[in-house]
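Single-letter residue listing:
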Amino acid sequence: MAEFIRVDPTSKVPPYEQIRTTVAMAAAAGELPVGYRLPTVRALAGDLSVAVNTVARAYRELEQAGVVETRGRSGTFIAAAGDDQRAEALAAARAYAEVISRVGLDHDEAVDILRAALDSARPTG
């Protein structure tokens, strides 16, 4: 169904975040075109052997970020809104990945650094 989405049960990254990141990056890279219909929450949860709430949380966060839109019973689709923002974010992510590779940090440490930066950039109040 959604062969591009994988969940690594041994990862320190929560499964919902793995799903969210995979879909967001694929959408930003154009691998998932605008209008692409994602699997239902239940179907994807079954395919990935995760809880329905795990997929629902990933989809909810993707919708809040403008990556996907839910059209009632029609399903969840890659949204057109936010393409420019995703393209900018993808460019920044690629630049960050190049720096991480150049300085020799492992992926887990790179993700920890990024999370800390995102947390410090989050508006308060």
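Parameters and conventions
Residues numbered from 1 in each chain as written. Predicted model: local features only at pLDDT ≥ 70, side-chain atom pairs only at ≥ 80, totals over all residues. Heavy atoms only, no water. Helix = DSSP H or I, 4+ residues; strand = E, 2+ residues; numbered from the N terminus. Rg over C-alpha atoms; globule rule 2.2 N^0.38 Å. Buried < 20%, exposed > 50% of the residue type's maximum accessible area, 1.4 Å probe, protein only. Contact = heavy atoms within 4.5 Å. Areas by Shrake-Rupley, 256 points an atom, 1.4 Å probe, with all protein chains shown as cover. Lys, Arg positive; Asp, Glu negative; His and termini not counted. Charge placed at Lys NZ, Arg CZ, Asp CG, Glu CD. Axes fitted to C-alpha atoms, helices over the stretch in contact; angles between N-to-C directions. Parallel < 35°, antiparallel > 145°, perpendicular 65-115°, else oblique. Left-handed = near helix turned anticlockwise from the far one by under 90°. Nonpolar A, V, L, I, M, F, W, Y, C, P; charged D, E, K, R; others polar. Core = buried A, V, L, I, M, F, W, Y, C linked by side-chain atoms within 4.5 Å. Expected span 1.5 Å × (residues − 1). Arc of directions from axis to C-beta.

By the naming in an unreviewed UniProt entry, the protein chain goes by GntR family transcriptional regulator and is assigned to Nocardiopsis changdeensis.

S.K.: Before we go on, may I ask you to explain the overall build of the protein chain in this structure?
M.R.: For the protein chain, the count of helices and strands is 5 helices and 3 strands. Going from N to C terminus, the protein chain has its helices and strands arranged as α-β-α-α-β-β-α-α. Its C-alpha radius of gyration of 15 Å places the protein chain within 12% of the 14 Å reference for a compact globule of 125 residues. If one aligns the C-alpha atoms of the protein chain with their principal axes, the spans along those axes are about 45 × 35 × 35 Å. Per-residue burial over the protein chain gives 28% buried out of 125 residues. For the protein chain, contacts bridging at least 24 residues in sequence account for 54% of all contacts bridging at least 6. For the protein chain, the accessible area works out to roughly 8100 Å², and carbon and sulfur atoms hold 53% of it. Distance between charge centres in the protein chain, computed from 14 positive and 17 negative side chains, equals 6 Å.

S.K.: Is there a simple way to explain the environment of Tyr36 in this structure?
M.R.: Relative to the elements of secondary structure, Tyr36 occurs in the loop between helix 1 (15-28) and strand 1 (37-38). In this structure, the C-alpha to C-alpha distance between Tyr36 and Val68, residues 32 residues apart in sequence, is 9.3 Å.

S.K.: What's the story with the packing of helix 1 against helix 3 (residues 52-64) in this structure? I'm lost.
M.R.: Relative orientation and spacing of two packed helices are given, respectively, by the angle between their axes and the distance between those axes. Orientation of helix 1 relative to helix 3, taken along the N-to-C sense of each, is 40 degrees, at an axis distance of 8 Å. Looking at the two axes, helix 1 sits oblique to helix 3. Relative to helix 3, the crossing made by helix 1 is right-handed. Note on element contacts: helix 3 touches helix 1 through Thr54, Val55, Arg57, Ala58, Glu61 and Leu62, opposite Pro15, Tyr16, Glu17, Ile19, Arg20, Val23 and Ala24. For the contact of helix 1 with helix 3, the residue count by class is 8 nonpolar, 1 polar and 4 charged.

S.K.: Whenever I open this one, the nonpolar core confuses me. Can you help?
M.R.: Where a protein is soluble and globular, its nonpolar side chains tend to be buried together. Ile19, Val23 and Leu44 are the most contacted members of the largest nonpolar core, which totals 21 residues. Among the elements that make up this core, the one with the highest residue count is helix 1 (6 residues).

S.K.: Sorry, what's going on with helix 3 here?
M.R.: Turn by turn, an α-helix covers 3.6 residues, leaving residues three or four places apart pointing in a common direction. Over its 13 residues, helix 3 extends 18 Å from the first C-alpha to the last, a length consistent with the 18 Å expected when each residue adds 1.5 Å. Every buried residue belonging to helix 3 is among Thr54, Val55, Ala58, Tyr59 and Leu62, and all of these are buried. One side of helix 3 holds all its buried residues, which, seen down the axis, span an arc of 130 degrees. Within helix 3, the exposed residues directed more than 90 degrees away from the buried face are Asn53 and Gln64. On its buried face, helix 3 sits against helix 1, strand 1, helix 2 (41-48), strand 2 (68-70) and strand 3 (76-78).

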